[in-house]
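Results of the structural survey
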Amino acid sequence: MGRYLNAAQVTKARKRMGRLVVQPCDGLPFLLEEGMTVYVVPPSLDVPRTVVLREAVEGEDCLVSFEGVDDYADLVEYVGRYLLVARDDIDEELLGEAVPEIDGFRVEDAIFGDLGEIVETLENAFQATLVVEGPRGEVMIPFVDEFVEDIDEEAGVVFTRIPSGLVENA
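To start, this report covers the structure provided alongside it. Every chain's residues receive numbers from 1 upward, in the order its sequence appears when written. In view of the model being predicted, local features appear only for residues whose pLDDT reaches at least 70, and side-chain atom pairs are presented and counted only at 80 or more, with totals across whole chains, interfaces and linings using the full set of residues. Note: side-chain values were computed over all heavy atoms of the structure, leaving out hydrogens and water.

1. Focus on the sheet that holds strand β8 (residues 113-123)
Across the sheet, which stays open at both edges, the 6 strands sit in the order β10-β9-β8-β7-β12-β11 with mixed pairing between neighbours. With one partner strand each, in any of the chains shown, β10 (137-142) and β11 (148-152) form the two edges of the open sheet. Ignoring strand direction, the axes of neighbouring strands in this sheet form an average angle of 35°. Here, strands pair whenever DSSP counts at least two bridges between them. A run of H or I in DSSP counts as a helix once it spans at least four residues, and a run of E counts as a strand once it spans at least two, with each numbered from the N terminus. Lines are fitted to the C-alpha atoms to define the axes, a helix being fitted only along its stretch in contact, and any angle between axes, read from their N-to-C directions, falls within 0 to 180 degrees.

Next comes the structure, spelled out in structure tokens:
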């Protein structure tokens, strides 16, 4: 599991209010809280990469402000960037269902058969991705219901049905 969560994307700056409008990411609820440290990605040379939330307000427009960042020109630099939070700073109950610990499991596909072993689970802005190494080389499988049909934890096997475009030697 990733150490950080992509909590929100900054969508616009509000000059009059000295705040930023943010949109929660990846289907997550609004996770930001006053006093929380957030990490800005991609980083910019012009504004701090790590900031502390002075304010975090959930509503029709979710609003945040950063300690020490009040100038509108600086606020505009954050638009389009993502705010990451440390997973340890979040109440796990808010996160919903996590990707199970399946590194080392075999992957059996309904069409392609044995794809190999999961060597890593990547968490990105949209969903987790399984990195599988095996007879067809490296296969990256988005961890979504459309592709992952079942997981047999006792046998250590993930059952998939993936499109041919994900396998190089299809």
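2. Quick look at the pairing of strand β6 (residues 82-86)
Along any regular strand, the residues point their side chains to alternate faces of the sheet. Summary of the burial criterion: residues with accessible area below 20% of their type's maximum are buried, those above 50% are exposed, and those between are partly exposed, where the area comes from a 1.4 Å probe applied to protein chains only. Most of β6 is tucked away: 4 of the 5 residues are buried. Pairing geometry for strand β1 (residues 4-14) and β6, over 5 bridges, is antiparallel. For L5, the partnering residue across the bridge sits in β6 and is V85. The sheet contact formed by strand β3 (residues 37-41) and β6 spans 3 bridges and is antiparallel. Considered in β6, the bridge of Y39 is made with L84.

3. Considering the sheet that holds strand β5 (residues 62-66)
On the basis of which strands lie adjacent, the closed barrel formed by 6 strands has the order β1-β2-β5-β4-β3-β6 and antiparallel pairing. Each neighbouring strand pair of the sheet contributes to a mean axis angle of 45°, computed without reference to strand direction. Across 6 bridges, β1 lies against strand β2 (residues 19-24) in antiparallel orientation. Within β2, the residue paired with A8 across the bridge is P24.

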